[in-house]
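A closer look at the structure
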Amino acid sequence: MAAPSKQIILSLYKNMLRESSKFTSYNYRCYAIQRIKDAFREHKDESDPDKVAEYIAKANDNLGIIKRQVIISQLYSSPHIVIEDSGKSPPSPATT
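Just so we're clear, the structure is a prediction, and the values are computed from it rather than from any experiment.

To continue, consider the packing of aromatic side chains. Applying the stated criterion to the full structure yields 2 aromatic pairs. Measuring from centroid to centroid gives 6.2 Å for Phe23 and Tyr28, while their planes differ by 40°, and the two rings are tilted.

Two elements in contact, helix α1 (residues 6-20) and helix α3 (residues 49-75), have axes whose closest approach is 10 Å; the angle formed by their N-to-C orientations is 20°. Relative to α3, the element α1 lies roughly parallel. Two packed elements cross with a definite hand, and for α1 against α3 that hand is left-handed. Residues Ile9, Leu12, Asn15, Met16, Glu19 and Ser20 of α1 pack against Val52, Ile56, Ala59, Asn60, Asn62, Leu63, Ile66, Lys67 and Val70 of α3. Per-class residue counts for the contact of α1 with α3 are 9 nonpolar, 4 polar and 2 charged.

Right, let's get into α1. Compared with an ideal rise of 1.5 Å per residue, which puts 15 residues at 21 Å, α1 spans 21 Å between its outermost C-alpha atoms and is within 8% of the ideal. Along α1, the positions that sit buried rather than exposed are Leu12, Met16, Leu17, Glu19 and Ser20. Taken together, the buried residues of α1 touch α2 (26-42) and α3.

Before going further, it helps to examine the environment of Ile9. Examined against the element boundaries, Ile9 turns out to sit in helix α1. In the structure, Ile9 is positioned 31 residues away from Phe40 in sequence and 9.3 Å away in space, judged by C-alpha atoms. In this structure Ile9 touches Pro4, Phe40, Val52 and Ile56, once residues within four positions along its chain are discounted.

This part is about the side chain of Arg29. Residue placement: Arg29 occurs in helix α2. Overall, the relative accessible area of 18% leaves Arg29 in the buried class. Ignoring anything within four residues of it in the chain, the contact list for Arg29 reads Ser20, Ser21, Phe23, Thr24 and Glu84.

With that out of the way, let us pick up the packing of α1 against α2. α2 packs onto α1 with a crossing angle of 165° between their chain directions and a minimal axis gap of 9 Å. By the criterion of interaxial angle, the relationship of α1 to α2 is roughly antiparallel. Considering only the axes of α1 and α2, their crossing is left-handed. On α2, the residues that touch Ile9, Leu12, Tyr13, Met16, Leu17 and Ser20 of α1 are Arg29, Ala32, Ile33, Ile36, Lys37 and Phe40. A per-class count over the contact of α1 with α2 returns 9 nonpolar, 1 polar and 2 charged.

Calculation notes
- Residues numbered from 1 in each chain as written.
- Predicted model: local features only at pLDDT ≥ 70, side-chain atom pairs only at ≥ 80, totals over all residues.
- Heavy atoms only, no water.
- Phe/Tyr/Trp six-rings, centres within 6.5 Å; stacked < 30°, edge-to-face > 60°.
- Axes fitted to C-alpha atoms, helices over the stretch in contact; angles between N-to-C directions.
- Helix = DSSP H or I, 4+ residues; strand = E, 2+ residues; numbered from the N terminus.
- Parallel < 35°, antiparallel > 145°, perpendicular 65-115°, else oblique.
- Left-handed = near helix turned anticlockwise from the far one by under 90°.
- Contact = heavy atoms within 4.5 Å.
- Nonpolar A, V, L, I, M, F, W, Y, C, P; charged D, E, K, R; others polar.
- Expected span 1.5 Å × (residues − 1).
- Buried < 20%, exposed > 50% of the residue type's maximum accessible area, 1.4 Å probe, protein only.

In C-alpha cells:
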C-alpha cells in the first residue's frame, strides 16, 4: 500500500483542528485541540506505510465523531464560562 502524502495528512490535521474549534464548550474545545496535537506529534516519525494508513483511517473516523459531537454541543449549549469572556472588560466594582 502506498503511503499517504504529507498533504493528505496535513489536510486531515487542519480539518480536525478546525472542527474541534467549533465546540461551544471551552473545556471540550481545549481538550479536543490538545488531544489532536498530541496524537499527531506522537506519530509524526512513523515510517511504516501500513501503520500510517491505519492512523489515517482512525483519524478520519475521529473526524466524523468530532463533527457529530460539535452539532450536539451546538444544540445543547451551556452558558459561557468566565475564561471565555476575556474580550470583555470586567465589570467595575460597585461604589458605596
